[in-house]
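# Descriptive analysis of the structure
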Amino acid sequence: MSEPSAAPSGGLLQQRSFVLFWLSRLAATTGYQMLALLIGWKIYELTGSAFDLGLVGLIQFVPAVVLTLLIGHAADRYDRKLIVRAAQVVYALAATLITVAMLADVLSRDLLFVAVFMLGCARAFELPTGHSLVPALVPPRLLSRAVAAWTSANQVAVICGPALGGVIFAVQPVAVAALCVAFFLGSVTLVSLMRVQGRVASREPPTFRSVLAGFEYIRTRKRLLGVITLDLFVVVLGGATALLPIFAKDILMVGPVGLGLLRSAPAAGALITAILLSRFPVERHIGRKMFAVVAIYGVATTVFALSSWFPLSLLALAILGASDAVSIVIRFTLVQLETPDDMRGRVSAINYLFVGSSNTLGEFESGAVAAWLGAIPSVLIGGIGSLVIAATWMGLFPDLRKIDRFEVADEKKEAI
């Protein structure tokens, strides 16, 4: 594993390699979000099919499932900087493919699906490897701040990317794809300028037994199993992102600019909440608050489904993002505290698999149900389903509801 580089003393801004990586993450995620908006709008424009919008999520789900369990081993055995850079090069190739197709007027559903598959494969490698690369770029005393800053880059990009993409799309659609190519190439350049000292440590090759050990550990720890599966089922049922082009075009009638704002609203709510949590952290009644925000997520999803007023829809999505941000903070912390260090890598890989795949699988579920019943019933079922899951998990995992402080898990961890 790479050792932290000999970064100069001082604050986070004095860590040159981390600043380059932060800018790279901002550029790559902005380009990804703009390209996702373009792909969603074009697929619905070409086919008019809610099911095809759901297929976008399914196509990304497949590489997430197939590849994610190998990512942790690859990141330990090979140069993480090269893995991140290679993934971003694939992003650029996918954006270039779409740009050329639009210029030649040969853009099709199947070509867009090929680009989506390329993006899904690259993203499966880039995100977890990027997380593991951050500690190699800053001194240990700055690690927590670096992780928070790296996460904030994602939120800023998720807010700005769709909004910017929607405005540019309204003027010249092909310019969105071309600008994405520029963002991805800029990200590759920034990563190339980073300096990560140290060499990769020798690791045992991945085996089915080592992967299954993580599943076995989660299965035998009921609180851990409850935390991880809660997110999986809520997001699978409650995801409405794939259907936003339908709401923007046919229900709210706000066009591509409105679609950009709709895609940005959850991230805006999440970013504001993250800032508040950094100042006013959740310290008491952890379990009850986790289930409460999941219930709020379900209510916000239901309100969005029933809303025909654009400002109310934006507000519902912002509340949805805010509640999800609180849930993520609580669940991520509980997973770390419930897992000993020698199992943390495998458990984290499985957790990432569930979190990442639940988003894309949820998009497919939403699209499939929308093709059968319509967009509004699909999102409505998701919102009500989230409430049912929260209530069910409170009964199945009563220990989760009773958790009062994060510190309670420390004693349990020492006893493992």
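This section reports on the structure supplied with the text. (Residues numbered from 1 in each chain as written. Predicted model: local features only at pLDDT ≥ 70, side-chain atom pairs only at ≥ 80, totals over all residues. Heavy atoms only, no water.)

## So, the nonpolar core
Operational definition: The set of buried Ala, Val, Leu, Ile, Met, Phe, Trp, Tyr and Cys residues whose side-chain atoms join them within 4.5 Å is what this entry labels a nonpolar core. Categorising residues by exposure relies on relative accessible area from a 1.4 Å probe, with only protein chains included: less than 20% of the type maximum marks a residue as buried, more than 50% marks it as exposed, and the intermediate range marks it as partly exposed. Should any heavy atoms of two residues lie within 4.5 Å, those residues are counted as being in contact.
Counting 56 residues, the largest nonpolar core has Leu35, Leu38, Ile39, Ile98, Phe184, Leu262 and Phe304 as the members making the most contacts within it. Once residues lying within four places of it in the same chain are set aside, the contact partners of Phe184 are Ala28, Gly31, Tyr32, Leu35, Gln88, Tyr91, Ala92 and Ala95. Counting residues in each nonpolar core, the second largest holds 30 residues, with Tyr217, Ile286, Tyr297 and Leu353 among its members.

## Comments concerning the pattern of salt bridges
Put simply, the test is: Between Lys or Arg on one side and Asp or Glu on the other, a salt bridge is scored when a side-chain nitrogen of the former is within 4 Å of a carboxyl oxygen of the latter. A run of H or I in DSSP counts as a helix once it spans at least four residues, and a run of E counts as a strand once it spans at least two, with each numbered from the N terminus.
If you walk through the whole model with that rule in mind, you get four salt bridges. A salt bridge links Glu45 to Lys42, with the shortest nitrogen-to-oxygen separation between them at 3.1 Å. With Glu45 and Lys42 both in helix α1 (residues 16-47), this residue pair falls three residues apart, about one helical turn. On the accessibility criterion, Glu45 (40% relative accessible area) is partly exposed. Overall, the relative accessible area of 14% leaves Lys42 in the buried class. Residues Asp110 and Arg109 are paired through a salt bridge, measuring 3.3 Å at the closest nitrogen-oxygen approach. Asp110 gets classed as partly exposed once you look at its relative accessible area, which sits at 48%. Taken together, the shared-partner salt bridges connect Asp52, Arg109 and Asp110 into one network.

## Quick notes on empty space enclosed by the protein
This is how the line gets drawn: In this analysis, the protein atoms alone were mapped onto a 1 Å grid. Cavities are point sets where a 1.4 Å probe fits without being able to get out; pockets are open sets with protein on both sides within 12 Å along at least five of seven lines; lining residues have an atom within 4 Å of a point. Grid points are joined across faces, edges and corners, and a volume is the space filled by probe spheres set on the points. Basically, the charged four are Asp, Glu, Lys and Arg, the nonpolar ten are Ala, Val, Leu, Ile, Met, Phe, Trp, Tyr, Cys and Pro, and anything else, Gly included, counts as polar.
Counting across every chain of the model gives one cavity of 30 Å³ or more. Around the largest cavity sit Leu230, Asp231, Val234, Val235, Val294, Tyr297, Ser323, Asp324, Ser327 and Arg331, which together line it. Taken together, the elements giving at least two residues each to the lining of the largest cavity come down to α8 (222-238), α11 (286-306) and α12 (310-337). Its residues placed into classes, the lining of the largest cavity shows five nonpolar, two polar and three charged.

## Observations regarding the side chain of Ser378
Tracing the backbone shows Ser378 in helix α14 (residues 375-396). In contact with Ser378, not counting residues within four places along its chain, are Leu243, Ser366, Val369 and Ala370.

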